[in-house]
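# Survey of secondary and tertiary structure
Residue strings, one per chain:
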Amino acid sequence: MRVLSLELNKDRDVERIHGSGINTLDIEPVEGRYMLSGGSDGVIVLYDLENLSRKPNYTCKALCSVGRSHPDAHKFSVETVQWYPHDTGMFTSSSFDKTLKIWDTNTLQPADVFQFEGTVYSHHMSPVATKHCLIAVGTKSPKVQLCDLKSGSCSHILQGHRQEVLAVSWSPRHEYVLATASADSKVKLWDVRRASGCLTTLDQHNGEKSKASSEAVNTAHNGRVNGLCYTSDGLHLLTVGTDDRMRLWNSSTGENTLVNYGKVSNESRKGLKFSVSCGCSPEFAFVPYKSTIAVYTIFSGELITMLRGHYNTVDCCVFQPNFQELYSGSRDCNILAWIPALREPVLDDVSEKPLRRQHINPAYEDAWSSSDDED
């Protein structure tokens, strides 16, 4: 029987550049080779994840960084970094300094800067859009801002939330559909082509509120909703809130699937950057949980394991689908790499003693998933 085992990749280090906590990570979808990180001191670092040494143990090198002395560096904490989805020549960052910056990767100069009235918690570009270049931005204002990369204007606004918008995410399935999460306990789905915009406000009770409840409005959580993540096929949406709950929604009907993940501890005052697997069977959610990362099966709600290795609060994690790896960033200033490892008894023809077989190349065998087949 194969057993799911995830472990710290002892053969791989990520060069330590950040002098303060790491809030956000993103791996570009074109090659899956370059990773961005954003720190609470405003620093942005770009890493090459490829093993150029050809040795089994190596360090992912930082290629360049926007350090504190850079004239255009963010003045306060960088909350979100994201690669331009279609090529690695451009990336984006947003910060508590109330700006969203569009960077030219080659010159490390900002090609554009968008200024907001309040702290920026989250921004996102659609991974699939071909007909628009809108960046959704969640800030201290309840209004969701849409910035147009082509025109440089930020004229489009989505109104409906009552408090700050802590997380935003475009659907990976429909290029005009956007999900937003707010401190007002609500998650809204929008079609940005529509004048009114809002398609639905997710309701944790699926319309079956008790008569005793005076709650007149639909809420997704009983607390701030500070994290959002679509499954890779875009058919479902995961949300996390400060009610210590994670919920899985059918993204086309808006229905709460009622999968129970148990207590998902969440004390974040800002956005929580969690991640989902892609190409695993079953699929997993990776959720920062104090100084660990909790790994859940998305559709059955089972807590599979806790990844331990950081010394302080974990604030973000990102999944690399090509090699089925996970990277996590923490307030301990470290980025750790996690790999799936198969551990199963393999009978040796001679001795018949079970040998531990480990580190099978995940490209050949998907070891995040547990399965009962014998080889």
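Residues numbered from 1 in each chain as written. Predicted model: local features only at pLDDT ≥ 70, side-chain atom pairs only at ≥ 80, totals over all residues. Heavy atoms only, no water.

Applied cut-off: UniProt positions are given in the numbering used here, feature names are shortened, and annotations may be inferred rather than shown by experiment.
The protein chain is annotated in an unreviewed UniProt entry as DNA excision repair protein ERCC-8 of Gallus gallus. Quoted straight from UniProt, the Pathway (unreviewed entry) entry for the protein chain says "Protein modification; protein ubiquitination."

### Observations regarding the overall build of the protein chain
Using the following cut-off: Secondary structure counts use DSSP, requiring at least four H or I residues in a row for a helix and at least two E residues in a row for a strand, with both numbered from the N terminus. Exposure categories follow from relative accessible area, calculated using a 1.4 Å probe and restricted to protein chains: below 20% of the type maximum is buried, above 50% is exposed, and the middle band is partly exposed. Per-residue and other accessible areas follow the Shrake-Rupley method at a 1.4 Å probe size, with only the shown protein chains counted as cover for residues.
When helices and strands are tallied, the protein chain shows zero helices and 30 strands. Every one of the 375 residues in the protein chain was classed for burial, and the buried ones make up 57%. When the accessible surface of the protein chain is split by element, carbon and sulfur atoms take 47% of a total near 16800 Å².

### Some points on empty space enclosed by the protein
Which parts of space are left empty comes out when a probe the size of a water molecule is rolled across the atoms. The condition is simple: Both site types are read off a 1 Å grid over the protein atoms alone. A 1.4 Å probe that fits but cannot get out defines a cavity, while an open set with protein on both sides within 12 Å along at least five of seven lines defines a pocket; lining residues have an atom within 4 Å of a point. Grid points are joined across faces, edges and corners, and a volume is the space filled by probe spheres set on the points. Ten residue types, Ala, Val, Leu, Ile, Met, Phe, Trp, Tyr, Cys and Pro, are classed as nonpolar, four, Asp, Glu, Lys and Arg, as charged, and the remainder, Gly among them, as polar.
Considering all chains together, one arrives at two cavities of 30 Å³ or more under this definition. Here the largest cavity defines a volume of roughly 50 Å³. As for the largest cavity, its lining consists of Asn23, Glu79, Ser268, Lys270, Gly271, Leu272, Lys273 and Asp315. Looking at the lining of the largest cavity residue by residue, the classes come out as one nonpolar, three polar and four charged. Approximately 30 Å³ is the volume found for the second largest cavity.

### Examining the sheet that holds strand β9 (residues 99-104)
Note the following rule: DSSP-based pairing: two strands are paired if at least 2 bridges between them are found. Angular values range over 0 to 180 degrees, each being the angle between N-to-C directions of two axes fitted as lines to C-alpha atoms, with helices fitted over their stretch in contact.
The sheet built from four strands is open, its strands ordered β7-β8-β9-β10 with antiparallel pairing. The sheet is open, and its two borders are formed by β7 (78-83) and β10 (109-115), each paired with just one other strand. The average angle at which neighbouring strand axes cross in this sheet is 20°, direction not considered. Bridge analysis of strand β8 (residues 90-95) against β9 gives five bridges, and the strand direction is antiparallel. Within β9, the residue paired with Ser93 across the bridge is Lys101.

### Remarks on the environment of Met35
Relative to the helices and strands, Met35 resides in strand β4 (residues 34-39). For the pair Met35 and Cys60, spaced 25 residues apart in sequence, the C-alpha separation works out to 9.8 Å.

### Comments concerning the side chain of Ser275
Stated formally: As used in this structure description, the phrase polar contact means that two N or O atoms lie within 3.5 Å; if the pair is within protein, one of them must be able to donate a hydrogen and the other to accept it, and residues adjacent in sequence are counted only when both atoms belong to side chains.
With respect to the helices, strands and loops of the structure, Ser275 is situated in strand β22 (residues 275-276). Given the relative accessible area of 9%, Ser275 is considered buried. Here the side chain of Ser275 touches Phe319 through a polar contact of 3.4 Å, landing on its backbone nitrogen.

### Description of the pairing of strand β3 (residues 22-27)
In terms of burial, β3 is largely enclosed, as six of its six residues are buried. Pairing of β3 with β4 involves five bridges; the strand directions are antiparallel. Opposite Ile27, over in β4, you have Met35 as the bridge partner. Following β3, the chain reverses through six residues before pairing antiparallel with β4; Gly32 in that reversal takes a positive phi of roughly 70°.

### So, the side chain of Glu79
The condition that has to hold: Whether two residues are in contact is decided by their heavy atoms, any of which lying within 4.5 Å being enough.
By the element assignment, Glu79 lies in strand β7. The exposure class of Glu79 is buried, given its relative accessible area of 2%. In terms of polar contacts, Glu79 uses its side chain to reach the side chain of Ser77, at 2.7 Å. If near-sequence neighbours (up to four positions away) are discounted, Glu79 is found in contact with Asn23, Thr24, Ser94, Ser95, Phe96, Val120, Tyr121, Lys270 and Lys273.

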